Amino acid sequence: MGRTLETQHKPSADRDASRRHGLPEGTGRQRAATQATDLQRERILQVATTLFAEQGYANTTMAQIVRALGVTKPFVYYYFRDKQEIFEVLAWRPAVDCFTVLDFAASDPRPAAVKVMVGIEALIRATIAHDPCGFFLYREPQVCRPEYMAEMTRLARHFYDRLCPLLEEARRDGDLDFNEIRITALAACSLPGFLYTWYRPDGRLSPDATVAELTMLAGRVLGLRNRRRR
């Protein structure tokens, strides 16, 4: 397990991101965060990650989470309202990392095609880095509340609202060759979206090799010119 925490999440940063996008980072009885309480929250999330990944959401109970932690139910409810909220927090973190990869500074001088490819590579890398949490929503989207999914949709639009103008600019520059912008954007970004059906961290290709392979395929979907590939 452990891969979720290996991405070095900072709980306070997670809360800031959630507030920006209208989502709380836990609505249990906890009112003030400290370093100690952050560590306890992470402990709960880590155990829940393992259970959700191995058993799925429906087959995982709060009793199992409590038993794996070796604590009482009130301990978990101090930090999280219920099992659904734990799942939503775990799925929200990778979504923020993935859908903000194109948030370049306005002064960034790089050509549009470079930004596109850097962003898509970062999207793929973030999806893999967050395994297995990055795949939770793909596997079980029905779990989450409608208002939560609405925020997810807004976050995805945030990403595509940045990607599509970059694609148009790169096509005008002669660096990308495609027809329909929206279809092309969705096709290129669907490559990491289907990772949940086949990706295995202990598979034949290393995570870095998988990122490189999928980024190359995304470049082909976008009609990336050879000079940019070099």
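Quick caveat: nothing in here was measured; it's all calculated off a predicted structure. (Residues numbered from 1 in each chain as written. Predicted model: local features only at pLDDT ≥ 70, side-chain atom pairs only at ≥ 80, totals over all residues. Heavy atoms only, no water.)

Q: Sorry, what's going on with the overall build of the protein here?
A: Helix and strand content of the protein: 12 helices and 0 strands. Going residue by residue from the N terminus, the α and β elements of the protein occur as α-α-α-α-α-α-α-α-α-α-α-α. Burial statistics for the protein: of 230 residues in total, 47% are counted as buried. Intrachain contacts of the protein at a sequence separation of at least 6 include 74% that bridge at least 24 residues. As displayed, the protein offers around 11,700 Å² of accessible surface, 52% of which is attributable to carbon and sulfur atoms. (Helix = DSSP H or I, 4+ residues; strand = E, 2+ residues; numbered from the N terminus. Buried < 20%, exposed > 50% of the residue type's maximum accessible area, 1.4 Å probe, protein only. Contact = heavy atoms within 4.5 Å. Areas by Shrake-Rupley, 256 points an atom, 1.4 Å probe, with all protein chains shown as cover.)

Q: I tried to follow helix α3 (residues 35-55) on my own but got confused; where do I start?
A: In an α-helix, one turn spans 3.6 residues, which is why side chains three or four residues apart end up on the same side. With 21 residues, α3 should cover 30 Å at 1.5 Å per step; its first-to-last C-alpha distance of 30 Å lies within 8% of that length. For α3, the complete set of buried residues consists of Thr37, Asp38, Arg41, Glu42, Ile44, Leu45, Val47, Ala48, Thr49, Leu51 and Phe52. Count one or two residues on from α3 and you reach Gly56, which has phi positive near 85 degrees. (Expected span 1.5 Å × (residues − 1).)

Q: I'm lost on the pattern of salt bridges in this one. Help?
A: A side chain of one charge can pair with a side chain of the opposite charge if their charged atoms are brought near each other. According to the stated counting rule, one finds 12 salt bridges in the structure shown. Across the pair Asp208 and Arg125 runs a salt bridge, and its minimum N-O distance is 2.9 Å. On the criterion of sequence distance, the pair formed by Asp208 in helix α11 (residues 207-221) and Arg125 in helix α7 (residues 112-129) is long-range, its members being 83 residues apart. With relative accessibility at 52%, the residue Asp208 sits in the exposed group. Judged by relative accessible area, which is 35%, Arg125 ranks as partly exposed. Among the charged side chains, a salt-bridge network with shared partners connects Arg81, Asp82 and Glu85. (Salt bridge = Lys/Arg side-chain N within 4 Å of Asp/Glu carboxyl O.)

Q: Could you clarify how one ought to interpret the packing of aromatic side chains in this entry?
A: Both the distance between ring centres and the angle between the ring planes are used here to describe each pair of aromatic rings. Considering all chains together, one arrives at 13 aromatic pairs under this definition. Taking the centre distance of 5.5 Å and the plane angle of 15 degrees together, the rings of Phe87 and Phe136 count as stacked. Pair noted here: Phe87 is in helix α6 (residues 83-99) and Phe136 is in helix α8 (residues 136-139), with a separation of 49 residues, a long-range link. Three or more aromatic residues joined by ring pairs make a cluster, and in this case those are Phe52, Tyr57, Phe87 and Phe136. Sitting over the face of the ring of Tyr57, Lys83 holds its NZ or CZ atom 4.0 Å from the ring centroid. Here Arg110 stacks its cationic end above the ring of Phe104, 5.1 Å away from the centre of that ring. (Phe/Tyr/Trp six-rings, centres within 6.5 Å; stacked < 30°, edge-to-face > 60°. Lys NZ or Arg CZ within 6 Å of the ring centre and 35° of its normal.)

Q: What exactly am I supposed to notice about unusual backbone geometry here?
A: Glycine aside, negative phi is the norm for most residues, and most peptide bonds take the trans geometry. Along the chain, Asp131 connects to Pro132 via a cis peptide bond; the corresponding omega equals 5 degrees. With respect to the helices and strands, the residue Pro132 is situated in the loop between α7 and α8.

Q: Looking at this structure, I do not really get the nonpolar core. What am I missing?
A: Nonpolar side chains in soluble globular proteins generally cluster together in the buried interior. In this structure, Ile86, Phe159, Leu163 and Leu167 are the most contacted members of the largest nonpolar core, which totals 65 residues. Top contributing element to this core by residue count: helix α9 (residues 146-172), with 11 residues. Contacts of Leu167, omitting those with residues within four sequence positions, involve Val116, Leu176, Phe178, Ile181, Ala185 and Leu222. (Core = buried A, V, L, I, M, F, W, Y, C linked by side-chain atoms within 4.5 Å.)

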